[in-house]
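# Architecture at a glance
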Amino acid sequence: MKPGRGGLKPDAITALAADAYVYGSPLVRQLSAVQACLQEGCGTLAPAPFNDFAHAEGPATPGTHVPFAPADLVDALAQLDLSGGPVRLHVPDTGGAYYVLQFVDAWGNAFAYLGPRATGAGEGDWMIVPPGWAGTVPDGVSGVIDAPTSVVSVVGRLACDGPEDMPRVRSLQQELTLTHLGDRAHRTGLPATEPGVPGELRFFEELRVWMGDFPPAAADRAYQDRFQPLGLLEEGLSPYVSAGPVLVRALRRGLALGRLRVEEAARRPAVPAGPPGAWQMVPHLRDHNLDHFGVGTLGSPEWTISDREASYLVRAVAARRGRWLPHGYEALYAHASRDSGGRPLDGAHVYELRLAQPPPVRAFWSLTVYDSPGGHLVANAADRYAVGDRTPGLVRGADGSLTLRLSAERPQDPAGEANWVPVPAGGFRPILRLHLPGQALLDGSYVIPAIERLGERRS
(Lines give C-alpha, C1' and ligand atoms only; values in the text may rest on other atoms or scores of the structure.)
Protein backbone atom coordinates (compact mmCIF):
# COMPACT_ATOMS: atom_id res chain seq x y z
CA MET A 1 0.00 0.00 0.00
CA LYS A 2 1.39 3.39 -0.93
CA PRO A 3 1.58 5.84 1.95
CA GLY A 4 -1.38 8.17 2.12
CA ARG A 5 -3.62 5.76 0.30
CA GLY A 6 -6.29 3.48 1.77
CA GLY A 7 -9.05 6.06 1.89
CA LEU A 8 -7.41 8.39 4.41
CA LYS A 9 -7.79 12.10 3.75
CA PRO A 10 -4.90 14.55 4.38
CA ASP A 11 -6.30 15.62 7.77
CA ALA A 12 -6.44 11.99 8.88
CA ILE A 13 -2.87 11.44 7.67
CA THR A 14 -1.79 14.53 9.62
CA ALA A 15 -3.42 13.26 12.83
CA LEU A 16 -1.86 9.82 12.35
CA ALA A 17 1.55 11.37 11.71
CA ALA A 18 1.29 13.35 14.96
CA ASP A 19 0.56 10.10 16.82
CA ALA A 20 3.54 8.49 15.08
CA TYR A 21 5.82 11.27 16.30
CA VAL A 22 4.72 10.83 19.92
CA TYR A 23 5.08 7.06 19.63
CA GLY A 24 8.34 6.98 17.67
CA SER A 25 10.36 10.02 18.75
CA PRO A 26 11.94 8.16 21.71
CA LEU A 27 13.33 5.54 19.31
CA VAL A 28 14.70 8.19 16.94
CA ARG A 29 16.17 10.26 19.80
CA GLN A 30 17.76 7.23 21.44
CA LEU A 31 19.34 5.82 18.30
CA SER A 32 20.45 9.26 17.13
CA ALA A 33 22.27 9.55 20.47
CA VAL A 34 23.80 6.09 19.98
CA GLN A 35 25.00 7.11 16.53
CA ALA A 36 26.50 10.32 17.89
CA CYS A 37 28.32 8.40 20.64
CA LEU A 38 29.83 6.07 18.07
CA GLN A 39 30.93 8.81 15.70
CA GLU A 40 31.39 12.04 17.64
CA GLY A 41 31.30 11.23 21.35
CA CYS A 42 28.85 12.34 23.99
CA GLY A 43 29.47 15.46 26.06
CA THR A 44 32.99 15.14 27.42
CA LEU A 45 33.20 11.46 26.43
CA ALA A 46 35.23 10.54 23.37
CA PRO A 47 33.65 8.40 20.64
CA ALA A 48 33.88 4.67 21.22
CA PRO A 49 32.94 1.72 18.98
CA PHE A 50 30.22 -0.75 19.79
CA ASN A 51 30.95 -2.99 22.80
CA ASP A 52 33.55 -0.71 24.34
CA PHE A 53 33.35 1.79 27.21
CA ALA A 54 34.03 5.51 26.96
CA HIS A 55 35.09 7.01 30.30
CA ALA A 56 35.08 10.58 31.57
CA GLU A 57 38.38 11.88 32.90
CA GLY A 58 36.68 13.04 36.10
CA PRO A 59 33.58 14.73 37.50
CA ALA A 60 32.25 17.87 35.87
CA THR A 61 34.15 21.13 36.35
CA PRO A 62 33.48 24.71 35.17
CA GLY A 63 35.29 23.73 31.99
CA THR A 64 32.72 21.00 31.31
CA HIS A 65 30.29 22.57 28.88
CA VAL A 66 27.52 20.05 29.50
CA PRO A 67 24.38 21.46 31.13
CA PHE A 68 23.70 20.20 34.65
CA ALA A 69 26.57 17.71 34.62
CA PRO A 70 27.15 16.16 38.09
CA ALA A 71 30.18 17.30 40.07
CA ASP A 72 30.55 14.13 42.15
CA LEU A 73 29.93 11.35 39.63
CA VAL A 74 32.16 10.10 36.82
CA ASP A 75 30.41 8.95 33.66
CA ALA A 76 31.01 5.66 31.87
CA LEU A 77 29.09 4.93 28.68
CA ALA A 78 28.97 1.97 26.30
CA GLN A 79 26.83 1.23 23.26
CA LEU A 80 26.29 -2.51 22.86
CA ASP A 81 25.50 -4.28 19.62
CA LEU A 82 24.25 -7.83 20.17
CA SER A 83 23.55 -8.69 16.53
CA GLY A 84 26.59 -10.99 16.55
CA GLY A 85 25.74 -12.62 19.87
CA PRO A 86 26.07 -11.98 23.61
CA VAL A 87 28.47 -9.63 25.35
CA ARG A 88 30.12 -10.35 28.69
CA LEU A 89 30.39 -7.48 31.16
CA HIS A 90 32.89 -7.56 34.02
CA VAL A 91 32.07 -5.34 37.01
CA PRO A 92 34.79 -4.73 39.63
CA ASP A 93 34.36 -4.71 43.39
CA THR A 94 33.84 -1.06 44.36
CA GLY A 95 34.55 -1.62 48.05
CA GLY A 96 31.06 -0.48 48.97
CA ALA A 97 31.24 2.76 46.99
CA TYR A 98 28.13 3.74 45.05
CA TYR A 99 27.85 3.13 41.33
CA VAL A 100 25.11 2.23 38.90
CA LEU A 101 25.05 0.69 35.44
CA GLN A 102 21.73 1.41 33.77
CA PHE A 103 20.69 -0.56 30.67
CA VAL A 104 18.51 1.27 28.13
CA ASP A 105 16.99 -0.33 25.03
CA ALA A 106 16.54 1.25 21.61
CA TRP A 107 13.14 2.64 22.59
CA GLY A 108 14.53 4.49 25.61
CA ASN A 109 13.28 2.02 28.22
CA ALA A 110 15.53 1.35 31.23
CA PHE A 111 15.22 -2.43 31.58
CA ALA A 112 18.02 -3.44 34.00
CA TYR A 113 20.35 -2.02 36.66
CA LEU A 114 23.55 -3.22 38.28
CA GLY A 115 24.86 -1.57 41.44
CA PRO A 116 24.60 -1.64 45.23
CA ARG A 117 20.80 -1.38 45.25
CA ALA A 118 20.21 -4.07 42.66
CA THR A 119 23.13 -6.49 42.86
CA GLY A 120 25.54 -5.28 45.55
CA ALA A 121 28.95 -3.62 45.24
CA GLY A 122 30.97 -6.80 44.73
CA GLU A 123 32.75 -8.13 41.66
CA GLY A 124 30.75 -9.99 39.03
CA ASP A 125 30.37 -11.04 35.40
CA TRP A 126 27.12 -10.58 33.52
CA MET A 127 25.93 -11.88 30.16
CA ILE A 128 23.94 -9.43 28.05
CA VAL A 129 22.10 -11.47 25.44
CA PRO A 130 20.09 -10.46 22.34
CA PRO A 131 16.35 -11.02 21.91
CA GLY A 132 15.47 -14.68 21.45
CA TRP A 133 18.90 -15.99 22.53
CA ALA A 134 18.88 -19.61 23.69
CA GLY A 135 22.58 -20.42 24.11
CA THR A 136 24.55 -21.85 27.03
CA VAL A 137 25.59 -19.62 29.89
CA PRO A 138 29.30 -20.04 30.72
CA ASP A 139 30.47 -20.94 34.21
CA GLY A 140 31.24 -18.09 36.55
CA VAL A 141 28.54 -15.77 35.26
CA SER A 142 26.63 -13.91 37.96
CA GLY A 143 23.49 -13.57 35.87
CA VAL A 144 21.94 -13.00 32.45
CA ILE A 145 20.49 -9.70 31.25
CA ASP A 146 17.97 -10.23 28.44
CA ALA A 147 18.06 -7.25 26.08
CA PRO A 148 14.74 -6.29 24.45
CA THR A 149 16.57 -4.91 21.38
CA SER A 150 19.86 -5.79 19.73
CA VAL A 151 21.31 -2.33 20.44
CA VAL A 152 21.56 -1.26 24.07
CA SER A 153 23.11 1.69 25.92
CA VAL A 154 24.92 1.02 29.21
CA VAL A 155 24.95 4.24 31.23
CA GLY A 156 27.41 4.16 34.12
CA ARG A 157 27.81 6.59 37.00
CA LEU A 158 30.67 6.12 39.50
CA ALA A 159 30.68 8.08 42.75
CA CYS A 160 33.76 10.27 43.18
CA ASP A 161 34.76 12.33 46.22
CA GLY A 162 36.91 14.78 44.29
CA PRO A 163 40.27 14.88 42.47
CA GLU A 164 42.02 12.97 45.25
CA ASP A 165 39.57 10.09 44.72
CA MET A 166 40.24 9.77 40.98
CA PRO A 167 43.02 7.12 41.26
CA ARG A 168 40.46 4.77 42.82
CA VAL A 169 37.90 5.61 40.15
CA ARG A 170 40.44 5.11 37.34
CA SER A 171 41.24 1.63 38.60
CA LEU A 172 37.52 0.82 38.49
CA GLN A 173 37.31 2.19 34.96
CA GLN A 174 40.12 -0.13 33.85
CA GLU A 175 38.35 -3.14 35.34
CA LEU A 176 34.97 -2.32 33.83
CA THR A 177 35.27 -4.34 30.61
CA LEU A 178 33.15 -5.76 27.80
CA THR A 179 33.94 -8.90 25.81
CA HIS A 180 32.10 -9.91 22.63
CA LEU A 181 31.18 -13.62 22.91
CA GLY A 182 29.20 -14.03 19.72
CA ASP A 183 30.20 -16.26 16.82
CA ARG A 184 29.50 -13.49 14.29
CA ALA A 185 30.90 -10.01 13.84
CA HIS A 186 28.75 -7.31 15.37
CA ARG A 187 27.68 -4.16 13.57
CA THR A 188 29.98 -1.20 13.29
CA GLY A 189 27.11 1.27 12.89
CA LEU A 190 23.35 1.55 12.87
CA PRO A 191 21.18 0.40 9.95
CA ALA A 192 21.46 3.05 7.25
CA THR A 193 18.54 5.12 6.10
CA GLU A 194 18.07 5.70 2.38
CA PRO A 195 19.74 8.73 0.81
CA GLY A 196 17.60 11.10 -1.17
CA VAL A 197 14.84 11.48 1.42
CA PRO A 198 13.92 15.17 1.80
CA GLY A 199 15.05 16.67 5.09
CA GLU A 200 11.49 17.44 6.14
CA LEU A 201 10.69 13.69 6.01
CA ARG A 202 13.94 12.52 7.61
CA PHE A 203 12.23 11.72 10.92
CA PHE A 204 9.79 9.35 9.22
CA GLU A 205 12.57 7.63 7.27
CA GLU A 206 14.63 7.06 10.42
CA LEU A 207 11.57 5.79 12.24
CA ARG A 208 10.70 3.46 9.35
CA VAL A 209 14.17 1.90 9.16
CA TRP A 210 14.89 1.68 12.87
CA MET A 211 11.40 0.49 13.78
CA GLY A 212 11.92 -2.41 11.38
CA ASP A 213 15.32 -3.34 12.79
CA PHE A 214 14.45 -2.82 16.45
CA PRO A 215 10.87 -4.05 16.90
CA PRO A 216 8.94 -2.87 19.94
CA ALA A 217 7.39 -5.08 22.60
CA ALA A 218 4.72 -7.42 21.26
CA ALA A 219 2.01 -5.47 23.09
CA ASP A 220 2.92 -2.33 21.11
CA ARG A 221 2.75 -3.85 17.66
CA ALA A 222 -1.02 -3.56 17.18
CA TYR A 223 -0.77 0.17 17.88
CA GLN A 224 2.22 0.42 15.54
CA ASP A 225 0.24 -1.26 12.73
CA ARG A 226 -1.96 1.87 12.59
CA PHE A 227 0.90 3.66 10.84
CA GLN A 228 0.75 1.56 7.67
CA PRO A 229 -0.90 4.41 5.67
CA LEU A 230 2.12 6.61 6.50
CA GLY A 231 4.55 4.18 4.89
CA LEU A 232 6.26 3.42 8.21
CA LEU A 233 5.83 -0.34 7.81
CA GLU A 234 7.24 -0.47 4.28
CA GLU A 235 10.36 -2.60 3.77
CA GLY A 236 13.06 -2.11 1.18
CA LEU A 237 13.04 1.10 -0.85
CA SER A 238 11.94 4.19 1.04
CA PRO A 239 8.46 5.48 0.17
CA TYR A 240 9.61 9.00 1.08
CA VAL A 241 12.11 9.55 -1.74
CA SER A 242 9.37 10.35 -4.24
CA ALA A 243 6.42 11.13 -1.96
CA GLY A 244 3.74 13.30 -3.53
CA PRO A 245 3.15 16.91 -2.42
CA VAL A 246 -0.16 16.15 -0.67
CA LEU A 247 1.45 13.43 1.47
CA VAL A 248 4.55 15.56 2.18
CA ARG A 249 2.38 18.43 3.35
CA ALA A 250 0.28 16.16 5.61
CA LEU A 251 3.36 14.50 7.12
CA ARG A 252 5.05 17.84 7.67
CA ARG A 253 1.99 19.18 9.48
CA GLY A 254 1.71 16.00 11.54
CA LEU A 255 5.36 16.24 12.54
CA ALA A 256 4.83 19.80 13.77
CA LEU A 257 1.68 18.84 15.69
CA GLY A 258 3.39 15.85 17.30
CA ARG A 259 6.34 17.97 18.38
CA LEU A 260 3.99 20.58 19.82
CA ARG A 261 2.12 17.90 21.76
CA VAL A 262 5.35 16.65 23.34
CA GLU A 263 6.68 20.15 24.05
CA GLU A 264 3.44 21.19 25.74
CA ALA A 265 3.42 18.03 27.86
CA ALA A 266 7.07 18.59 28.79
CA ARG A 267 6.27 22.13 29.96
CA ARG A 268 3.38 21.04 32.16
CA PRO A 269 4.40 20.42 35.80
CA ALA A 270 4.51 16.70 36.43
CA VAL A 271 3.61 17.34 40.08
CA PRO A 272 1.68 20.18 41.78
CA ALA A 273 3.77 23.34 42.10
CA GLY A 274 3.43 23.51 45.90
CA PRO A 275 4.18 26.55 48.08
CA PRO A 276 6.68 29.26 47.06
CA GLY A 277 10.20 27.89 46.81
CA ALA A 278 9.09 24.27 46.73
CA TRP A 279 11.61 21.85 45.24
CA GLN A 280 10.44 20.00 42.14
CA MET A 281 11.24 16.40 41.32
CA VAL A 282 9.65 13.80 39.08
CA PRO A 283 10.04 10.31 40.55
CA HIS A 284 7.84 8.63 37.93
CA LEU A 285 9.17 10.05 34.66
CA ARG A 286 10.65 6.65 33.69
CA ASP A 287 7.62 4.51 34.48
CA HIS A 288 6.86 4.04 30.75
CA ASN A 289 8.66 0.68 30.63
CA LEU A 290 5.77 -1.79 30.79
CA ASP A 291 7.22 -4.96 29.31
CA HIS A 292 10.84 -5.74 30.19
CA PHE A 293 11.75 -5.96 33.87
CA GLY A 294 15.26 -7.28 34.14
CA VAL A 295 17.77 -7.27 36.97
CA GLY A 296 17.23 -4.39 39.37
CA THR A 297 13.96 -3.06 37.89
CA LEU A 298 10.61 -2.84 39.66
CA GLY A 299 7.47 -3.85 37.78
CA SER A 300 4.95 -3.18 40.54
CA PRO A 301 1.92 -0.97 39.83
CA GLU A 302 3.59 1.89 41.71
CA TRP A 303 6.34 2.00 39.06
CA THR A 304 4.36 1.38 35.87
CA ILE A 305 1.70 3.26 33.91
CA SER A 306 -1.62 1.45 33.71
CA ASP A 307 -2.67 3.06 30.40
CA ARG A 308 -0.36 1.83 27.64
CA GLU A 309 -1.33 4.50 25.13
CA ALA A 310 -0.76 7.22 27.76
CA SER A 311 2.68 5.74 28.38
CA TYR A 312 3.76 6.72 24.84
CA LEU A 313 3.45 10.42 25.66
CA VAL A 314 5.23 9.94 28.99
CA ARG A 315 8.03 8.14 27.16
CA ALA A 316 8.29 10.93 24.59
CA VAL A 317 8.44 13.56 27.35
CA ALA A 318 11.12 11.55 29.19
CA ALA A 319 13.19 11.37 26.00
CA ARG A 320 12.72 15.10 25.50
CA ARG A 321 13.50 16.17 29.07
CA GLY A 322 16.62 14.17 29.82
CA ARG A 323 18.31 11.26 28.10
CA TRP A 324 19.22 8.27 30.26
CA LEU A 325 17.85 9.52 33.55
CA PRO A 326 17.22 6.62 35.96
CA HIS A 327 14.01 5.47 37.59
CA GLY A 328 13.06 7.35 40.73
CA TYR A 329 13.85 4.39 42.93
CA GLU A 330 17.50 4.58 41.83
CA ALA A 331 17.98 8.35 42.04
CA LEU A 332 15.93 11.53 42.36
CA TYR A 333 17.02 14.95 41.16
CA ALA A 334 15.25 17.80 42.93
CA HIS A 335 15.64 21.35 41.64
CA ALA A 336 14.55 24.79 42.78
CA SER A 337 14.49 28.15 41.04
CA ARG A 338 12.92 30.40 43.70
CA ASP A 339 13.33 31.11 47.38
CA SER A 340 10.71 30.72 50.12
CA GLY A 341 9.23 34.08 49.15
CA GLY A 342 8.75 33.04 45.54
CA ARG A 343 11.60 35.27 44.31
CA PRO A 344 14.08 34.03 41.66
CA LEU A 345 17.37 32.81 43.13
CA ASP A 346 20.17 35.29 42.43
CA GLY A 347 23.76 35.45 43.62
CA ALA A 348 23.26 39.11 44.53
CA HIS A 349 21.69 37.76 47.73
CA VAL A 350 22.72 35.38 50.51
CA TYR A 351 20.61 32.29 51.20
CA GLU A 352 20.36 29.42 53.66
CA LEU A 353 19.05 25.90 53.30
CA ARG A 354 18.33 24.45 56.74
CA LEU A 355 17.96 20.68 56.88
CA ALA A 356 16.50 19.77 60.27
CA GLN A 357 16.86 16.15 59.20
CA PRO A 358 19.10 14.99 56.35
CA PRO A 359 17.37 13.69 53.22
CA PRO A 360 16.65 9.98 53.77
CA VAL A 361 18.88 8.15 51.28
CA ARG A 362 20.61 4.78 51.33
CA ALA A 363 23.59 5.94 49.26
CA PHE A 364 24.34 9.68 49.37
CA TRP A 365 22.93 13.13 48.68
CA SER A 366 24.65 16.23 47.34
CA LEU A 367 23.78 19.79 46.36
CA THR A 368 25.27 21.33 43.21
CA VAL A 369 24.60 24.85 41.92
CA TYR A 370 24.53 25.87 38.24
CA ASP A 371 24.16 29.19 36.50
CA SER A 372 20.79 30.07 35.01
CA PRO A 373 19.65 29.73 32.33
CA GLY A 374 22.76 27.95 30.99
CA GLY A 375 22.97 25.19 33.58
CA HIS A 376 26.77 25.25 33.87
CA LEU A 377 29.14 25.16 36.82
CA VAL A 378 30.82 28.49 37.60
CA ALA A 379 34.33 28.73 39.04
CA ASN A 380 34.55 29.73 42.70
CA ALA A 381 37.31 30.58 45.17
CA ALA A 382 37.01 27.28 47.06
CA ASP A 383 36.92 25.10 43.93
CA ARG A 384 33.85 23.52 45.52
CA TYR A 385 31.00 22.24 43.36
CA ALA A 386 29.15 19.54 45.31
CA VAL A 387 28.29 19.71 49.01
CA GLY A 388 26.54 16.85 50.75
CA ASP A 389 26.70 14.10 53.31
CA ARG A 390 30.17 13.03 52.10
CA THR A 391 31.66 16.53 52.43
CA PRO A 392 34.24 16.60 55.27
CA GLY A 393 34.14 19.31 57.93
CA LEU A 394 30.47 20.32 57.76
CA VAL A 395 29.30 21.98 60.96
CA ARG A 396 25.97 20.82 62.41
CA GLY A 397 23.81 22.47 65.03
CA ALA A 398 23.39 21.16 68.57
CA ASP A 399 20.12 19.56 67.46
CA GLY A 400 21.85 17.76 64.57
CA SER A 401 20.51 20.08 61.90
CA LEU A 402 22.63 21.19 58.96
CA THR A 403 22.42 24.74 57.60
CA LEU A 404 24.04 25.31 54.21
CA ARG A 405 25.01 28.87 53.24
CA LEU A 406 24.49 29.72 49.57
CA SER A 407 26.32 32.87 48.50
CA ALA A 408 28.61 34.21 45.83
CA GLU A 409 31.11 35.50 48.40
CA ARG A 410 32.88 33.32 50.96
CA PRO A 411 31.25 33.68 54.42
CA GLN A 412 33.42 35.24 57.12
CA ASP A 413 32.16 33.16 60.07
CA PRO A 414 33.73 29.68 60.52
CA ALA A 415 30.45 27.74 60.45
CA GLY A 416 29.25 29.60 57.36
CA GLU A 417 32.57 28.97 55.60
CA ALA A 418 32.53 25.25 56.48
CA ASN A 419 28.97 24.90 55.15
CA TRP A 420 29.44 27.22 52.17
CA VAL A 421 27.80 26.38 48.84
CA PRO A 422 29.27 28.83 46.29
CA VAL A 423 26.79 30.28 43.78
CA PRO A 424 27.26 32.40 40.63
CA ALA A 425 26.97 36.17 40.80
CA GLY A 426 23.71 36.15 38.81
CA GLY A 427 20.77 33.79 38.50
CA PHE A 428 21.36 30.23 39.60
CA ARG A 429 19.64 26.87 39.96
CA PRO A 430 20.50 24.32 42.64
CA ILE A 431 20.03 20.59 42.09
CA LEU A 432 19.82 18.18 45.01
CA ARG A 433 20.81 14.69 43.90
CA LEU A 434 19.40 11.89 46.04
CA HIS A 435 20.90 8.48 45.35
CA LEU A 436 18.87 5.48 46.47
CA PRO A 437 16.10 7.64 47.97
CA GLY A 438 14.19 6.37 50.96
CA GLN A 439 10.45 5.82 50.97
CA ALA A 440 9.82 9.14 52.73
CA LEU A 441 11.25 10.96 49.71
CA LEU A 442 9.32 8.83 47.25
CA ASP A 443 5.96 9.24 48.96
CA GLY A 444 6.48 12.92 49.77
CA SER A 445 6.38 12.61 53.56
CA TYR A 446 9.89 14.10 53.68
CA VAL A 447 9.70 17.63 52.32
CA ILE A 448 12.90 19.41 51.29
CA PRO A 449 12.79 22.84 52.97
CA ALA A 450 12.61 25.93 50.79
CA ILE A 451 15.71 28.09 50.45
CA GLU A 452 15.54 31.19 52.67
CA ARG A 453 16.89 34.56 51.58
CA LEU A 454 18.86 36.48 54.21
CA GLY A 455 19.13 40.25 54.55
CA GLU A 456 19.10 42.83 51.79
CA ARG A 457 20.68 42.93 48.38
CA ARG A 458 24.46 43.34 48.50
CA SER A 459 25.77 46.67 47.29
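Note that the structure is predicted; figures quoted are calculated from it, not measured.

Here is what the cut-offs are and how they apply
- Residues numbered from 1 in each chain as written.
- Predicted model: local features only at pLDDT ≥ 70, side-chain atom pairs only at ≥ 80, totals over all residues.
- Heavy atoms only, no water.
- Helix = DSSP H or I, 4+ residues; strand = E, 2+ residues; numbered from the N terminus.
- Rg over C-alpha atoms; globule rule 2.2 N^0.38 Å.
- Buried < 20%, exposed > 50% of the residue type's maximum accessible area, 1.4 Å probe, protein only.
- Contact = heavy atoms within 4.5 Å.
- Areas by Shrake-Rupley, 256 points an atom, 1.4 Å probe, with all protein chains shown as cover.
- 1 Å grid on protein atoms, 1.4 Å probe; cavity = no way out; pocket = protein on both sides within 12 Å on 5 of 7 lines; lining within 4 Å.
- Points joined across faces, edges and corners; volume = space filled by probe spheres on them.
- Nonpolar A, V, L, I, M, F, W, Y, C, P; charged D, E, K, R; others polar.
- UniProt positions renumbered as here; feature names shortened; annotations may be inferred.
- Core = buried A, V, L, I, M, F, W, Y, C linked by side-chain atoms within 4.5 Å.
- Salt bridge = Lys/Arg side-chain N within 4 Å of Asp/Glu carboxyl O.
- Pairing = 2+ DSSP bridges.
- Axes fitted to C-alpha atoms, helices over the stretch in contact; angles between N-to-C directions.

## Observations regarding the overall build of the protein
- Of the regular secondary structure elements, the protein holds 8 helices and 17 strands.
- Over its C-alpha atoms the protein spans a radius of gyration of 24 Å, differing by no more than 12% from the 23 Å that the globule rule assigns to 459 residues.
- Dimensions of the protein along its principal axes, counting C-alpha atoms only, are 75 × 55 × 40 Å.
- Counting every position in the protein, which comprises 459 residues, the buried fraction comes to 51%.
- Of the contacts formed within the protein by residues at least 6 apart in sequence, a portion of 75% connects residues at least 24 apart.
- Per element, the accessible surface of the protein, about 19,800 Å² overall, is 52% carbon and sulfur.

## Description of unusual backbone geometry
- In this structure, the amide linkage connecting Ser372 to the following residue, Pro373, adopts the cis form with an omega of 15°.
- Its identity is not glycine, yet Phe68 carries a phi of approximately 60°, on the positive side.
- Relative to the assigned elements, Phe68 resides in the loop between strand E1 (53–55) and strand E2 (73–81).
- Despite not being glycine, Leu436 shows a phi value in the positive range, around 60°.

## Quick word on the layout of surface pockets
- For the second largest pocket, the calculated volume is near 590 Å³.
- Around the second largest pocket, the lining is made up of 27 residues, and of these Ala71, Asp161, Gly162, Pro163 and Ala386 lie nearest the centre.
- Broken down by secondary-structure element, the contributors of at least two residues to the lining of the second largest pocket are strand E12 (365–371) and strand E13 (387–388).
- Each residue belonging to the lining of the second largest pocket can be placed in one class, and the counts come to 13 nonpolar, 6 polar and 8 charged.

## A short note on the UniProt feature "domain: DUF1214" (unreviewed entry) in the protein
- Taking the UniProt record as the reference, the feature "domain: DUF1214" (unreviewed entry) is found at residues 330–438.
- For the annotated span residues 330–438, helix accounts for 5% and strand for 34% of the residues, and the straight-line distance between the end C-alpha atoms is 10 Å.

## Some thoughts on the nonpolar core
- Judged by nonpolar contacts, the single largest core of 44 residues is most densely connected at Leu31, Phe204, Leu230, Leu232 and Leu251.
- Top element by residues in this core is helix H1 (residues 10–39). It accounts for 12 residues.

## Comments concerning the pattern of salt bridges
- Here the structure, examined in full by the defined rule, presents 19 salt bridges.
- Measuring nitrogen to oxygen at the nearest pair gives 2.5 Å for the salt bridge that ties Arg187 to Asp81. One end of the pair, Arg187, is in the loop between strand E9 (177–180) and helix H3 (202–213); the other, Asp81, is in strand E2, with 106 residues separating them in the sequence.
- Owing to a relative accessible area of 0%, Asp81 belongs among the buried residues under this scheme.
- For Glu417, the salt bridge identified is with Arg410, shortest N-O distance 3.1 Å.

## A short note on empty space enclosed by the protein
- Under the criterion given, the structure shown has 3 cavities of 30 Å³ or more.
- Estimates place the volume of the largest cavity at around 150 Å³.
- Forming the walls of the largest cavity are 18 residues, and the residues nearest its centre are Asn109, Ala217, Asp220, Asp291 and Arg315.
- Split by residue class, the lining of the largest cavity holds 7 nonpolar, 6 polar and 5 charged.
- Of the pockets and cavities examined, the second largest cavity occupies roughly 50 Å³.
- The greatest single-element share of the lining of the second largest cavity, amounting to 3 residues, is contributed by E2.

## Some remarks on the sheet that holds strand E17 (residues 452–454)
- The 4 strands are arranged E15-E14-E11-E17 in an open sheet whose pairing can be described as mixed. With partners counted over all chains shown, the strands left at the sheet margins are strand E15 (420–422) and E17, one partner each. Direction aside, the axes of adjacent strands within the sheet are offset by 30° on average.
- In terms of strand pairing, strand E11 (residues 350–355) meets strand E14 (residues 402–407) through 5 bridges, oriented antiparallel. Bridged to Leu353 within E14 is Leu404.

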